[in-house]
Amino acid sequence: MSDWLDVANADDIDEDDVIQVEVEGQVLAIYRLEDGFYATDGICSHAEACLADGFVMDGFIECPLHQGRFEIKTGKARSAPATEDLRTYELKIEGSRILVRLD
Amino acid sequence: MSVEAVQAFGQKEVLTKKEYKPYIVRTNRHGLVRFAIHAGALMASGAAVYASLGTWWIVPSMACHAILMAFLFAPVHECSHRTAFRNRTLNEAVYWIVCLVYMVPPTFFRYAHATHHTYTQVRGWDPDMLPENMTLRDYVLFVLGTTFWRRNFRWLLFHPFGRIDPKQRYYLPDSEIPKVIREARIIMLIYAGVAAAAVYYGSWAPLIYWIVPRFVGEPYMRWLRISEHGDCEESPDLRRNTRTTMTNRLVRCFFWEMPYHAEHHLCPLVPFHALSRLHEKIRDKLHPVGDGYLAVNRQVVGNILSPGSGAMGLDESGRTAGQRSA
C-alpha cells in the first residue's frame, strides 16, 4: 500500500466544487461535497477532457465537453457518453491538508 | 496527428470557470415552455395543412409545417446535450420523442454529435464537416439534404442488423454497440408499426403530416446549418472555427437559440436559454459573427464561385461591419 500523499489545502476548494491535482504523474480530481472530500481520476474516461473544468451537480461531476456524468463518491459512470467508471482514491484530511493514497 | 492536437479548445481563453458557472443552471421550466411553443406551433401548422387539403393553401401551410418539423433538430440537439431540462428522465423522454419524429437514432446521434464537439472543424475527425473544396454542386446537394438523408438512412436501415459503418466506429465505445443495435431495432419496429397501421386503416396521415413535411423542410435546416461552420477556419480553435449568426427572434425561438453557435461550442454545458446572455459576455472574443443566414450563405456561395473573394465582410481582425460599429 502506498503512502499518503499531500495534494492540496482543503480551503482551496469551495463546496460543490472540484480542483485538479497532479501527483506522481497521475491527474486526480479532488471534490468537496457537503459531507466531505473525495478523489477520483481527473481525466474523463470518454474523451479525456479535464474533469476539473466540469461542474459538480447533485453529487455528480459533469464532464465539460460532452456532459457525461460520474458519481463522485463511487466513480461510477452514470450517463452517456461516459461509460467507463473513474477510479476513486482513499482520502483523508489532516488539519487543513488533503492527503490521498494512490493504491 | 495526435488526438490532443486535434481536440477543440478555446473555452478557457474566453471565460474562467467562475465566470462560466452562472450560465450553466438548468431548469425544467424553460424547456417545457419552449417545447410547448414548438409542439403547439406544429399542431397548428398540421391543422392548417388539414384545413387546406385540396386547395392551393396547402402550399404555404405545408411549407410552414415542414419548416417547423425541420426545426425539431433544435430539441434533438438540446436534449442530446441534456441541457433542455434539469430533470434527466424528462430530458430523455422528450429526446426519444423528438428523435423518432426527426428520424435520428438517439444514442448513436449523441455519440456522433459528441465527436463533432471533440473535433470541431478538424478534417478527418469531425463527422459534420462540409465537403472539402466545396463546389456549387456540393453546396446544392448539401442543402437539399442528400448527405443528411444518406447518412440517416444508413443508420436507420443498417444498425438494426448490427452493421455500423467502420468509418464511424470511433464515435462509439464498444460497450455501447449492443445498445445502439437494440435501439435501432426498436425504432424500426415503431416505424413499421406506424406504416402497418396506416396501410390497415387506409390512412395517408403519416405521409401528409409527418413524412412529406419532414423531407420538404430539411433543406431549410441544412441551409441554416451551413452558417455554423461553413467558411470558418479549419482548426480546433472554437473561437474561429464556429460562427454565431445574428438573426430574428422567431428563428431563435424555434431554433432554441442555436444561432448562438460559437457560444454553444465554447460552453456546451450552457442550456439554450442562457446562450444570449453568454453572447453578451463574450461577443468581442468571437469571430466570425454572421450578419444573418442569408448574408452568410451568400458569402459561402460567393467564395465557391470566386475562390478567395474573402470572408463575409470581415476586416483584417475578423470583425463584421456590425462589430466594427458597436
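Look up a bit, the structure's there.
Parameters at a glance
- Residues numbered from 1 in each chain as written.
- Chains lettered and ligands numbered in written order.
- Predicted model: local features only at pLDDT ≥ 70, side-chain atom pairs only at ≥ 80, totals over all residues.
- Heavy atoms only, no water.
- Buried < 20%, exposed > 50% of the residue type's maximum accessible area, 1.4 Å probe, protein only.
- Helix = DSSP H or I, 4+ residues; strand = E, 2+ residues; numbered from the N terminus.
- Pairing = 2+ DSSP bridges.
- Contact = heavy atoms within 4.5 Å.
- Buried area = accessible area lost by both parts, 1.4 Å probe.
- Salt bridge = Lys/Arg side-chain N within 4 Å of Asp/Glu carboxyl O.
- Axes fitted to C-alpha atoms, helices over the stretch in contact; angles between N-to-C directions.
- Parallel < 35°, antiparallel > 145°, perpendicular 65-115°, else oblique.
- Nonpolar A, V, L, I, M, F, W, Y, C, P; charged D, E, K, R; others polar.

1. Notes on helix 6 (residues 73–80) of chain B
Residues and elements named next belong to chain B.
Here is step 1 of the chain: The buried fraction of helix 6 is high, at 8 of 8 residues.
Here is step 2 of the chain: Those residues of helix 6 lying buried are Phe73, Ala74, Pro75, Val76, His77, Glu78, Cys79 and Ser80.
Here is step 3 of the chain: Residue Arg82 follows helix 6 closely and has a positive phi angle near 65 degrees.

2. Some points on the pairing of strand 2 (residues 17–23) of chain A
All names here are of chain A.
Here is step 1 of the chain: Strand 2 sits mainly inside the fold: 5 of its 7 residues count as buried.
Here is step 2 of the chain: Pairing of strand 2 with strand 3 (residues 26–33), which is carried by 7 bridges, proceeds in the antiparallel orientation. Bridge pairing in strand 3 links Asp17 to Arg32.
Here is step 3 of the chain: Linking strand 2 back to strand 3 in an antiparallel pair, the connection comprises 2 residues, with Glu24 at a positive phi of about 50 degrees.

3. Quick look at unusual backbone geometry
Residue and element names in this part refer to chain A.
Here is step 1 of the chain: A cis amide bond, omega 10 degrees, links Ala80 with the succeeding residue Pro81.
Here is step 2 of the chain: With respect to the helices and strands, the residue Pro81 is situated in the loop between strand 8 (77–79) and strand 9 (88–94).
Here is step 3 of the chain: Phi at Glu48 takes a positive value of approximately 65 degrees, unusual for a residue other than glycine.
Here is step 4 of the chain: Along the chain, the position of Glu48 falls in the loop between strand 4 (36–41) and strand 5 (55–57).
Here is step 5 of the chain: Residue classification places Glu48 among the partly exposed residues on the basis of a relative accessible area of 48%.
Here is step 6 of the chain: Unusually for a residue other than glycine, Gln67 sits at a positive phi of about 65 degrees.
Here is step 7 of the chain: Its location among the elements puts Gln67 in the loop between strand 6 (60–62) and strand 7 (69–71).

4. Concerning the interface of chain A and chain B
Here is step 1 of the chain: Listed per partner, the contact involves 23 residues of chain A and 22 residues of chain B.
Here is step 2 of the chain: Of all residues in chain A, the largest losses of buried area upon contact with chain B belong to Phe55, Gln67 and Ala80 of chain A, amounting jointly to 31% of the total for that side.
Here is step 3 of the chain: At the boundary of chain A and chain B, one finds 5 salt bridges.
Here is step 4 of the chain: Across the pair Arg86 of chain B and Asp58 of chain A runs a salt bridge whose closest N-O atoms are separated by 3.5 Å.

5. Brief notes about the packing of helix 7 (residues 88–102) of chain B against helix 8 (residues 106–118) of chain B
Residues and elements named next belong to chain B.
Here is step 1 of the chain: Across the interface, helix 7 lies against helix 8 with an axial gap of 10 Å and an inter-helix angle of 100 degrees. By the angle between their directions, the pair helix 7 and helix 8 is classed as roughly perpendicular. Judged by residue contacts, Asn91, Glu92, Tyr95, Trp96 and Cys99 of helix 7 engage Pro106, Phe109 and Arg110 from helix 8.
Here is step 2 of the chain: For the contact of helix 7 with helix 8, a count of residues per class yields 5 nonpolar, 1 polar and 2 charged.

All quantities given are derived from atomic positions and should not be read as evidence of function.
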